[in-house]
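# Chain and residue survey
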Amino acid sequence: MSDCRRQWNREDELPVYLAKPISTGPSQRHKSYGYTSIDFQQYAVGRNENRSSRSSSRERIVDGDFEAYEISGGTFISSPGERDDGRPGVEITDQTEKECDCQNNGKSERLLIKGGRVVNDDQSQYADVYVEDGIIKQVGENLIVPGGVKVIEANGCMVIPGGIDVNTCLHKPYLGTPPVDDFYQGTKAALAGGTTMIIDHVTPQPGESLLEAFEKWQEVADKKSCCDYSLHLDIPHWHEGVKEELEQLVQEKGINSFQVYMAYKGLFQMPDSQLYEAFSFLKELGAVVLVHAENGDLIAQEQSKILGMGITGPEGHPLSHPEELEAEAVFRAITLGNRVNCPVYITKVMSKSAADTVATARKKGSVVFGEPITASLATDGSHYWSKNWAKAAAYVTSPPLSPDPTTPDHLNSLLSCGDLQVVGSGHCAYSTSQKAIGKDNFTLIPEGTNGVEERMGFVWDKAVASGKMDENQFVAVTSSNAAKIFNLYPRKGRIAVGSDADIVIWDPDKIKTITAKEQQSALEYNIFEGMECHGGPVYVVCQGRTVFEEGKLQVQQGTGRFISRKPFPDVAYQRIKCRTKMMSKQGVSRGIYDGPVYDVPATPKYITPSPSAKTSPTTHQPPPIRNLHQSNFSLSGAQIDDNVPRRSGHRIVAPPGGRSNITSLG
Amino acid sequence: MSFQGKKNNPRVTSDKLIIKGGKIVNDDQSFYADIYIEDGTIKQIGENLIVPTGVKTVDAYGHIVIPGGIDVNTCLQAPHLGMTPADDFYHGTRAALAGGTTMIIDHAVPEPGASLLAAYDQWRDTADKRSCCDYSLHLDITRWHDGLFEELEHLVKDKGVNSFLIFMAYKDKYQSSDTQIYEMFSAMRELGAIALVHAENGDIIEEEQKKLLDLGITGPEGHVLSHPEEVETEAVYRAVTIAKQANCPLYITKVMSKPAADVIAKARKKGMVIYGESIAAGLGADGSHYWSKDWAKAAAFVMSPPLSPDTSTPEYLSSLLSCGDLQLTASAHCTFSTAQKAVGKDNFTLIPEGTNGIEERMSIVWDKAVATGKMDENDFVSVTSTNAAKIFNLYPRKGRIAVGSDADIVIWNTKETKIFSAKSHNLTVEVNIFEGMECRGFPVVVISQGRIVLEDGKLNVTEGSGRFIPRKAFPDFVFKRIKARGRMADARGVPRGNYDGPVHDVISMTKSVPATPTTRGPSCPGKTPLGPARNLHQSGFTLSGTQMDDHIPRRTSQKIVAPPGGRSNITSLS
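Residues numbered from 1 in each chain as written. Chains lettered and ligands numbered in written order. Predicted model: local features only at pLDDT ≥ 70, side-chain atom pairs only at ≥ 80, totals over all residues. Heavy atoms only, no water.

Going by the annotation in an unreviewed UniProt entry, the name recorded for chain B is Dihydropyrimidinase-related protein 4-like isoform X2, with Carassius auratus given as the source organism. According to the UniProt record, the Subcellular location (unreviewed entry) comment for chain B is "Cytoplasm". Taken from UniProt, the Sequence similarities (unreviewed entry) comment for chain B reads in full: "Belongs to the metallo-dependent hydrolases superfamily. Hydantoinase/dihydropyrimidinase family." (UniProt positions renumbered as here; feature names shortened; annotations may be inferred.)

Named according to an unreviewed UniProt entry, chain A is Dihydropyrimidinase-related protein 1 originating from Carassius auratus. Per UniProt, chain A has the following entry under Subunit (unreviewed entry): "Homotetramer, and heterotetramer with DPYSL2, DPYSL3, DPYSL4 or DPYSL5. Interacts with PLXNA1. Interacts with FLNA (via calponin-homology (CH) domain 1 and filamin repeat 24); the interaction alters FLNA ternary structure and thus promotes FLNA dissociation from F-actin." According to UniProt, the comment filed for chain A under the heading Sequence similarities (unreviewed entry) is "Belongs to the metallo-dependent hydrolases superfamily. Hydantoinase/dihydropyrimidinase family."

Here it is as structure tokens:
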């Protein structure tokens, strides 16, 4: 992290007007000394949640040094025009000599971010941002702000909405042991990378109550999370009883996204008919369906084949999860989504063919979203063949990284043109010793890679720095789109008056070499080890509090709030609603058919015993039934149509009114 | 060339024939020559042939002479809800001959769970008695079980069957799961058989059917609404994926929609060994008739996958057929009388499925593809006869006019037109889905097994003269590439030193639940949730004192088992 440590205090490197802010800086720019009378409450719109001050009892972890703060006083008007054009950097000025202690007891600061370029997903503009009570109160030039605010000089750096990582697993146990990055470690890493909100996956065990699992997760996260969070619920098994819980979760608990699995045969996998039912039900609730898209049946076949060949190392993982199986499942998920008319969100798009499938479906009008993850954008699957077992195992995730080295580039292109919409991280960190559970059998290696910390940096590095996407699209894919799809917008994902003060000052020129030694994650490895990444956060504000500055994190365990999300997000459901109206089907009104009807003797009902043939392949087969139709036995004597030779074995029932001519073609 | 199965069939002594003055059209070239036929076999081809006296001369001037058509998809005996099709082997093959088709391959459909061999015997029995032209059989696998492989093996090796149909639709009846399909594909690759797939997603169809019936839609339009083309496309895509994994050749029966055809075309471009079959109904009609006010007419079109309501579909399919993306044309002839269809008059899911087409097939291809200039006469022979013969290992006995081939020959009038109608067709059903359609191109003379069966518009067929044509496994056309790929596709592991780093201690869990490759998951203590087992890793209890990695604060709550030899540096990433 050496590169992010800018030496702000070296006066000789600073431009003249910033060199001595105490004596010269602000006082010369004062245009008004009067305290402002702006009623900030009027900006607090759409906020019915209790923003309680749980902070008082919280342990404070202070990492930062306050020497960097230079003290000034009085009210002033910000002046965005005065920027340091020479070299971007961030200046921090604290005007609140007396109010300093209020930071220390955990209340949110009053912050003024000056001289930055505010980048939203739709436009970029030079403006100052004033933050109070964890909310953005003012955006614009020449803001009138009260005295005693901490001033952050963005010096022309980008000011962007904090990232939203919609795919993390920080509490998902493997064989009873949790990942090494729990909600504390994981959110800490997220903040260090410029991500100020995560949506974590609740993974109940099959048979476990969804509500209980949700409460368990919420409890853990409330205690540990350092940034705002929300939760997806994974549905491990579809049955009638689950519906009630889903309804409750959507309507009372603020969950609007649920994951279903097409893989993990015998564990989480659902057959198509259950998927159809789940999609239909979730659509009625207005939830977003997340799909883990891989064909579990075929994976199971391939795994036993490959183990049978004596391949037990991590290379067996990509060999048994070829990208065709991912693309196939994506295609099937989209087909189901189209039939049910339900929005579908594909988690972890890892291969070119899967991404192309999503893109093609979008071109045909399907409401489908695709999420590549940090790992699939920044690295490829060639490492599975590494001679170093630990390294190879570190990359094991499902769907696997594609061994095709052109994949990251392709996915970045699709992300840039809008065919893929959201970047997640799929962060699920298991230590090498946990991975080593599968040292003799690749199917036992716990799945998951790191990426929560590196996510924003690599999107910048691979897509923006390479010229594929612009800064606005960068904001869209790392934050705004996620906020829109999961109904957090505009509270999250946008820098606007009334939005949460989750703000990142982004330095596009920052260069960082990724290494496990300096990461926030508790992992002893990093799958991006040694990669150079351009662009990174220099200053992170979360809930109106500074959590990252000058390469130093100061986070508080348990400050993260659960953000509830309402159903029917507009970006997913507006089109769905229209289509439902349009697609209502109508039968043809015809006269009643009154021609002859062939008399079918009662057939013995013959139903496959299991709910679906797909999950239970060759279980008990019922014995072959005697086929009555092929016997010669007949109760009937002479029939009216006995004269028609070819139908001798058939009985035709003619209606009493005689045959109508409806059977002739008109 | 050794031809089996020719001896012990009841046959009328065939004529000696010479066909004069026609243009012989094979799939590779066209040329003017005379053909001399004796004993049901083509004996000579050329000009100024020396033939014995008393030979009947057939005049083919102005017409083309083509190999008799092969219709690889018919259901002349498959029962539906206990109803046998209105056109049985006799009526069906008679109509086939009237349309220029001299061989059919019929689907033998055993009841789910019943023996394939029994169905084979039953079909053989009926067809030998009733068929008027040569025939062969596909067997439909209506349910996969473990003992089936032996039956398949027996059928392939001893009974001359090299193709089996697998269903992805008809849930709770015929449908197979992905796992079963994979196993069947693998079995067929071993045996050298061709996997035919009825590609529709049965799970979705069933749900859609329920939904539509709930909406009160009970008429035939419900059939097409519940079988949207996406569902067909999805299944084709999945079948392609599974076949790719199993390295098995794939044959999709009844390609009815544009996107499904596109999936096949794309898979071929990626190198898959896959064949797509268009059918007469798909090329000659579209699905708009399902909304006909006439129930009987609408019901006559009910088949699965249904005709696409998209009216540009027939044109599109004939274009793909012309460019080779689809390879052959069948009829999927399976007719039920209106009274039989009327079983489903109050519930479209009960309407027996199937349309006619066996008689019209060749004319429709000529009219839609050749007369419009999309394909030439050689392609016409390919898609109606030669490709089928190659794929199903009948070539060059069938599908070609060459010395030694069977004398199944059609003299084809390319100029005049004919109108299809239920009044004039050779079927027993009262509805013809091509009613009123005017088609250019029809057979004027049809020769089957060396005998003239159609001449001057008159059919002269003999019931029971059709022979069963056994087919050998591993057709070259299909399996040459598969064999080569089987040799290439060996995956290899990476030779590494043994991992000797720390292993997370999961004794308590792994002992109680033996982990199997299929029950794998992120958090997998078994399918049935165990009681809340005490998690040793989260307890504060520890047996050990100071650890060598105590200085790493973040791992305090985990127990690391270090090997006695100390840590190796294998855990560091290079």
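### Describing the overall build of chain B
Scanning chain B for helices and strands turns up 16 helices and 21 strands. Summarising the internal contacts of chain B: among those between residues at least 6 apart in sequence, 77% fall at separations of at least 24. When the accessible area of chain B is evaluated, it comes to approximately 20700 Å², of which 52% is carbon and sulfur surface. (Helix = DSSP H or I, 4+ residues; strand = E, 2+ residues; numbered from the N terminus. Contact = heavy atoms within 4.5 Å. Areas by Shrake-Rupley, 256 points an atom, 1.4 Å probe, with all protein chains shown as cover.)

### Examining the sheet that holds strand 8 (residues 69–74) of chain B
The strands that make up a sheet are held in pairs by hydrogen bonds between backbone atoms, and each pair lies either parallel or antiparallel. Residues and elements named next belong to chain B. Here we have eight strands laid out as an open sheet, ordered 8-9-10-11-12-13-14-15, and parallel in their pairing. Either end of the sheet is taken by a strand with one partner, and the two such strands are strand 8 and strand 15 (328–330). Averaged over all pairs of adjacent strands, the angle between strand axes in this sheet comes to 30 degrees, irrespective of strand direction. Pairing analysis gives six bridges linking strand 9 (residues 101–108) to strand 10 (residues 134–141), with the strands arranged parallel. (Pairing = 2+ DSSP bridges. Axes fitted to C-alpha atoms, helices over the stretch in contact; angles between N-to-C directions.)

### A closer look at the packing of helix 16 (residues 455–464) of chain A against helix 17 (residues 471–485) of chain A
Residue and element names in this part refer to chain A. Look at helix 16 against helix 17: their axes get within 11 Å of each other, and the N-to-C directions meet at 140 degrees. Where helix 16 crosses over helix 17, the handedness of that crossing is right-handed. Along the contact surface, helix 16 presents Arg 455, Met 456, Val 459, Trp 460 and Val 464, while helix 17 presents Glu 471, Phe 474, Val 477 and Thr 478. Here the contact of helix 16 with helix 17 is composed, by residue class, of six nonpolar, one polar and two charged. (Left-handed = near helix turned anticlockwise from the far one by under 90°. Nonpolar A, V, L, I, M, F, W, Y, C, P; charged D, E, K, R; others polar.)

### With respect to the confidence of the model for chain B
All names here are of chain B. In the predicted model, chain B carries a mean pLDDT of 85, and the fraction of residues at 70 or more is 85%. Per-residue pLDDT stays below 50 along residues 552–558; that stretch engages in 12 contacts with residues further than four places along the chain or on separate chains. Two numbers describe this predicted complex: its pTM, 0.79, and its ipTM, 0.80. (pLDDT = per-residue confidence, 0-100.)

### Digging into the UniProt feature "domain: Amidohydrolase-related" (unreviewed entry) in chain A
According to UniProt, the feature "domain: Amidohydrolase-related" (unreviewed entry) maps to residues 181–547 of chain A in the numbering used here. Secondary structure across residues 181–547 of chain A divides into 41% helix and 15% strand, with the first and last C-alpha atoms of the span separated by 19 Å.

### Regarding the pairing of strand 8 (residues 163–168) of chain A
Within a regular strand, side chains alternate between the sheet's two faces. All names here are of chain A. For strand 8, a buried count of six out of six residues is recorded, marking the element as mostly surrounded by other parts of the structure. In this sheet, strand 9 (residues 195–202) lies alongside strand 8 in parallel orientation, the contact comprising four bridges. Considered in strand 9, the bridge of Thr 168 is made with Asp 200. Crossover handedness for the path strand 8 to helix 4 (residues 183–192) to strand 9: right-handed. (Buried < 20%, exposed > 50% of the residue type's maximum accessible area, 1.4 Å probe, protein only. Right-handed = clockwise from strand over helix to strand, strands pointing away.)

### A look at helix 4 of chain A
Residues and elements named next belong to chain A. Along helix 4, 10 of the 10 residues are buried, which leaves the element largely enclosed by surrounding structure. Residues of helix 4 that are buried include every one of Phe 183, Tyr 184, Gln 185, Gly 186, Thr 187, Lys 188, Ala 189, Ala 190, Leu 191 and Ala 192, and no others. On its buried face, helix 4 is in contact with strand 9, helix 5 (210–224), strand 10 (228–234), strand 16 (532–542), strand 17 (545–549) and strand 18 (552–553). Its side-chain oxygen placed 3.1 Å from the backbone nitrogen of Tyr 184, Asp 182 serves as the N-cap of helix 4. Phi turns positive, to about 95 degrees, at Gly 194, one or two residues after helix 4. (Polar contact = N/O pair within 3.5 Å; in protein donor to acceptor, adjacent residues only side chain to side chain.)

### Details of unusual backbone geometry
Looking along the chain, the bond that leaves Ser398(A) and enters Pro399(A) is cis, with omega of -10 degrees. Mapping Pro399(A) onto the fold places it in the loop between helix 13 (389–394) and helix 14 (407–417). Geometrically, the link from Ser304(B) to Pro305(B) is a cis peptide bond, its omega value of -15 degrees lying close to zero. The residue Pro305(B) is located in the loop between helix 10 (295–300) and helix 11 (313–323) in this model.

### Notes on the environment of Ile235(A)
Residues and elements named next belong to chain A. If you trace the backbone, Ile 235 turns up in the loop between strand 10 and helix 6 (240–252). Take Ile 235: its relative accessible area is 0%, and that puts it in the buried class. Considered as a pair, Ile 235 and Met 270 are 35 residues apart in the sequence and their alpha carbons are 9.6 Å apart. Discounting residues that sit within four places of it in the chain, Ile 235 has contacts with Val 242, Leu 246, Phe 258, Gln 259, Val 260, Tyr 261, Met 270 and Leu 282.

### Considerations on the pairing of strand 9 of chain B
Residues and elements named next belong to chain B. With eight of eight residues buried, strand 9 lies mostly within the body of the structure. Where strand 8 meets strand 9, four bridges bridge the pair, whose relative direction is parallel. Bridge assignment links Ile 70 to a residue of strand 9, and that residue is Met 103. Note on the crossover from strand 8 through helix 1 (residues 89–98) to strand 9: the handedness is right-handed. What joins strand 9 to strand 10 is helix 2 (residues 116–130), and the crossover it makes is right-handed.

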